[in-house]
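The primary structure of each chain is shown beneath.
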Amino acid sequence: MIPQNTQMRYRDGMRDPSLTPAIIVDVGAAAADEQSGIRHPEISGWQAAQWLFDAVPASVAVMRGEQLVIEYVNASGVALWQRGTAAELLGRPLLEALPELHEQPAYVELMRSVIRTGVPVSRNEAPVVLRGRDGPVTHYFDFTYSPVTDAQGVIDAVWVFAFDVTAVVLARREVELANRTKDEFLATLSHELRTPLNAMLGWASLLQKDSSDPARLARGLAVIERNALAQAKIVGDLLDVSRILGGKLVLTVKPTQLSAVIAAALEPLRSAAASRGVKVTTELDAELTTIQADAHRLQQVLWNLLSNAVRFTPAGGEVRLSARAGARSMIIEVADTGSGIPAEHLPHIFERFHQVDGSLTRSHGGLGLGLSIVRYIVEAHGGTVSAVSQGAGRGATFTIELPIGVEQAPESSNGAASVEALAAPPSAVIGAESPAEPVTTGVFTTHLPLLGVRVLIVDDDEDCLEVLRLRLDAAGARVVAVRDAATALGTPGPFDVIVSDIGMPEMDGYAFLRTLRAEPSSRASTPAIALTAYAHAEHVELARAAGYQEHVAKPCDIAQLIASIRRLSLSASTAKRSAALRP
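Predicted model, so just to flag it, every value in this text is computed and none were measured. (Residues numbered from 1 in each chain as written. Predicted model: local features only at pLDDT ≥ 70, side-chain atom pairs only at ≥ 80, totals over all residues. Heavy atoms only, no water.)

**Here's the deal with the overall build of the protein chain**
Each helix and strand counted, the protein chain has 16 helices and 19 strands in total. By the burial criterion, 44% of the 583 residues in the protein chain qualify as buried. In the protein chain, the share of contacts with a sequence separation of at least 24, taken over all contacts with a separation of at least 6, comes to 66%. When the accessible surface of the protein chain is summed, it comes to about 29,500 Å², and 55% of that surface belongs to carbon and sulfur atoms. (Helix = DSSP H or I, 4+ residues; strand = E, 2+ residues; numbered from the N terminus. Buried < 20%, exposed > 50% of the residue type's maximum accessible area, 1.4 Å probe, protein only. Contact = heavy atoms within 4.5 Å. Areas by Shrake-Rupley, 256 points an atom, 1.4 Å probe, with all protein chains shown as cover.)

Rendered as structure tokens:
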């Protein structure tokens, strides 16, 4: 590195138009040699320095005066600034040679301050936007600006040494993003698994205590089945992604009737669509032919697209599936009139873990794996899948194109599944595993431990909300159950304890309680329990910071929840009595 306050002089004491200064390396040593009578030829140090600077992997430049006229720039600097030759830069003021720096005046002012004060300046990983051949490009630099003095000791120039650390910065950010994505995915996975578990365990415990009511028994079994299938879908997606990453997802390819696969994918979704008030229509070409495909995997693709379309389409909307024969391919479209896809998300929609809305207030669940699995399966069949949308609130259309011939078909395994076996929904077929040992919950130690306790429950999951209401009601509580934070804020009470979910649409549980705590009313001090599937340590801290007294993770032991409600209720009552007795 060139030492600070490096002296530069010019032949005959004048600035040579050729801009070839000679560097004084050690004036004291030269004087000693003169006294000894030994004469040396004139030192051509600048030529040696130029060769050295052109060899180092850093940008080096010398700029003179208030206008920062470029007197020298090495080959790395010319390449970085994406100019053709050094001649395009030499002798020109910096802002004229690099006009893009007009928008980044801080760096220019730093150089001028070094000339004015003589104090060197260093920065690490400083972002600089430079003009690239294809447009502006951001680079990151570790740089040092050092003052330059002439033979008279006057500072009139600045050395610039800049190391391009863009690759290091981007690599680190990629690792940080990967870690953040992993953490967010694990939190989402925890939520998506714990939420149905809470409903299943709650209903199982309730029915174990009392299954005499046929309507309640049927309702409970339906909830357990629905949530078990939801979990099977999640586990199936995880296993499929693992197989894909390991190159172990095997397709059983055989002649397959596309119309049969479409019918099998539609069948389990019609009731769900009807319950949501979504109309499902089909438009199938009479000339649909047989294709080479894995029937179950192709059904999985269509089921994923159709279930997403139904889930993201509000009541009164429509989902349309069409299929037609092209010249050498089958073209399938799934279109909806739902929430649509923002333009910035379209290029990433088929990436693993990508979700248009990954916030706590998202209205729709899922792990962000389904569409990545769709793309892999379609491409493994030699086809393509794409998505288009006119933007948020304007629906989306997914198009699959599958080759009719066998030349693109992947290697098949022995033993193909028959199309007639496609009646079961993919969630029950894919990723089936041996069931785990059942989890049991505690029993009540008293018959009515919450007798007279007024409890407000807030949870957007209808199954969880219902089972909590029934269980707390059975424990003697007077329960009001609502499905969103806005309704909860509009419910006057009074209540002894609030039990709230965290991940809810529009307003999450943190914002709900912060809003409640800020009210001037007496209910602002109501004790609250966060009952949530977000169960990591940081979520416990966030809950306490928002004003919750306790955090209970789903699936919860109902006895533990009742004990927490009872404890908070008694503590609040004691505090009120003590306040009333104070003079």
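Moving on from the model shown.
**Some remarks on the pairing of strand β4 (residues 69-73)**
Among the five residues of β4, five are classified as buried, and the element is accordingly described as predominantly covered. Bridging between strand β3 (residues 59-64) and β4 involves four bridges; their strand directions are antiparallel. Opposite R64, over in β4, you have V69 as the bridge partner. Between β3 and the antiparallel strand that follows it, β4, lie four residues; G65 among them carries a positive phi value of about 75°. (Pairing = 2+ DSSP bridges.)

**Side note on the nonpolar core**
L258, L305, L306, F398 and I400 are the most contacted members of the largest nonpolar core, which totals 44 residues. For I400, the residues in contact, after removing those within four places along its chain, are V301, L302, L305, M330, I331, I332, V378, T384 and V385. Counting 29 residues, the second-largest nonpolar core is a separate cluster that includes M63, I70, V114 and Y145. (Core = buried A, V, L, I, M, F, W, Y, C linked by side-chain atoms within 4.5 Å.)

**Considering the environment of A325**
Tracing the chain through its elements places A325 in strand β11 (residues 318-325). Sequence separation of A325 and L288 is 37 residues, and the distance between their C-alpha atoms is 5.9 Å. Here A325 is in contact with D285, E287, L288 and M330, once residues within four sequence places are set aside.

**Let's talk about the pattern of salt bridges**
Summed over the entire model, instances satisfying the criterion amount to 13 salt bridges. For the salt bridge of E66 with R116, the shortest nitrogen-to-oxygen distance reads 3.0 Å. Here the residue E66 occupies a position in the loop between β3 and β4, and R116 occupies one in helix α5 (residues 105-117), the gap between them amounting to 50 residues. The exposure class assigned to E66 is partly exposed, which follows from its relative accessible area of 42%. Between E462 and R483 there is a salt bridge, with the nearest N and O atoms lying 3.6 Å from each other. In this pair, E462 sits in helix α12 (residues 462-474) while R483 sits in the loop between β16 (478-482) and α13 (485-489), placing the two residues 21 residues apart along the sequence. (Salt bridge = Lys/Arg side-chain N within 4 Å of Asp/Glu carboxyl O.)

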